[in-house]
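# Structural description and commentary
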Amino acid sequence: NTGLVGGCAVPAETPALLLSTRRLRSIRAIDLHAPAVIAEAGCILAEVQEAVAAHGFTIPLGLGSEGSATIGGLVSTNAGGIRALRHGVMRNQVLGLEVVLPDGRVWNGLRTLAKNTMGYDLKQLFIGGEGTLGVVTAAALRLVPASRQIETLWLAVENPAAALALLGGLRAALGDLVTSFELIQRRGVEWGMAAVPGLRVPDSGAHGWFVLVEVATAATGLPLRAAVESALADVFEQGLALDGMLAESEAQRRELWRIREAVVVGKAAGKPSISVDVAVPLGKVPAFLVETEAAAAGLLPG
């Protein structure tokens, strides 16, 4: 009961039923040929990730809550995550479902077909349905080879429009190897530093906007580092990035992602704080931010 979507965050005055699936904890199958995993609704994402990692695979979600989030909850709320840029949201990971319907019947749609050209895709009715049409009891999820090379960058940009241009430049140079691209405002970083003692933030001048970029591949033979350095030189030459750094170690890479997590912690620590999760087409992000900033300033000056 810790989520922020309507089906999870029930007001105290509203009569509600909270259903726990914690006893549905079996990983029923790992199909290395599909590749896919069938896990019950109460399985914790981190546990499933650990099981498939032993075979060199991963479920391509990136969630700070993977140590507590359940498979059923992720399906029923259509969770997003930081790798949606490349792999899509939870909806894109689901190959099949097992669902208990309101009349008690069990709908068995646990298929692991990647190339499924059947007619109606009934599983989509339950993904994001928050339990309103049925209770998800198990899910067949697609797997991808685990990344064996990862490069992480912290870059300063002039504004959100420049960040979009930067994303275009990196995609032009690196294709779909760009897995994550997180836009972070300076004040968000400052909130994080105030709330998380010992947080280390790169010195990137007095710039107001930053992006945290991750580039990854499962291939071991590709010269990823060289490709990223070349792309980085190009975006700096074009003025798309103003300052920044490329992580030199796994510890440094984790520290950069810790900044991203600290922004959320810092925002929650500040009052008043309202949590939302709004999605707009990428090209409209700059205008959306300008309009919402103005609307917020009208409601809460300063």
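The numbers attached to residues start from 1 for each chain and follow its sequence in the written order. Local features in this predicted model are restricted to residues of pLDDT 70 or higher, and side-chain atom pairs are both shown and tallied only at a pLDDT of 80 or more, whereas totals for entire chains, interfaces and linings draw on every residue. To obtain the side-chain values, all non-hydrogen atoms of the structure were used and water was disregarded.

### Remarks on helix 7 (residues 224–237)
For an α-helix, 3.6 residues make a turn, and residues three or four places apart therefore share a direction. So the rule is basically this: Note on conventions: DSSP H or I runs of at least 4 residues are helices, E runs of at least 2 residues are strands, and numbering of each starts at the N terminus. By definition here, a helix of n residues has an expected span of 1.5 Å times n minus one. Any two residues whose heavy atoms approach within 4.5 Å are treated as being in contact.
With 14 residues, helix 7 should cover 20 Å at 1.5 Å per step; its first-to-last C-alpha distance of 20 Å lies within 8% of that length. Contacts from the buried residues of helix 7 go to strand 8 (149–157), helix 5 (160–174), strand 10 (209–217) and strand 11 (243–246). Within two residues after helix 7, glycine 239 carries a phi angle of roughly 80°, on the positive side.

### Section: the pattern of salt bridges
Working definition: two side chains of opposite charge can pair if their charged atoms are close together. Rule in force here: The working definition used for a salt bridge is a side-chain nitrogen of Lys or Arg within 4 Å of a carboxyl oxygen of Asp or Glu. Type-normalised accessible area, obtained with a 1.4 Å probe on protein chains alone, sets the label of each residue: buried when under 20%, exposed when over 50%, and partly exposed for intermediate values.
Taken as a whole and judged by the stated rule, the model has 15 salt bridges. Of the charged contacts in the structure, one is a salt bridge between aspartate 121 and lysine 123, with a shortest N-O distance of 2.8 Å. With relative accessibility at 10%, the residue lysine 123 sits in the buried group. Close ionic contact of arginine 225 with glutamate 248 constitutes a salt bridge, the shortest N to O distance being 2.8 Å. Within this pair, whereas arginine 225 is found in helix 7, its partner glutamate 248 is found in the loop between strand 11 and helix 8 (250–269), the two being separated by 23 residues in sequence. For arginine 225, a relative accessible area of 24% gives the class partly exposed. Among the residues examined, glutamate 248 registers a relative accessible area of 61% and is labelled exposed. Within the structure, one salt-bridge network assembled from shared partners comprises Glu151, Arg225, Glu229 and Glu248.

### What about the sheet that holds strand 8?
Selection criterion: Strand pairing follows a simple DSSP-based rule, namely that at least 2 bridges must link the two strands. Think of each axis as a best-fit line through the C-alpha atoms, taken over the contacting stretch in the case of a helix, with angles from 0 to 180 degrees between the N-to-C directions.
Reading across from one edge, 9-10-8-11 is the order of the 4 strands in this open sheet, with antiparallel pairing throughout. Bordering the open sheet on either side are strand 9 (178–185) and strand 11, each of which pairs with just one other strand. Direction aside, neighbouring strands of the sheet carry axes that sit 15° apart on average. Relative to strand 10, strand 8 is paired through 9 bridges, and the arrangement is antiparallel. Within strand 10, the residue paired with valine 157 across the bridge is tryptophan 209. Those strands touched by helix 7 are strand 8, strand 10 and strand 11, and its axis lies near 15° from that of strand 8.

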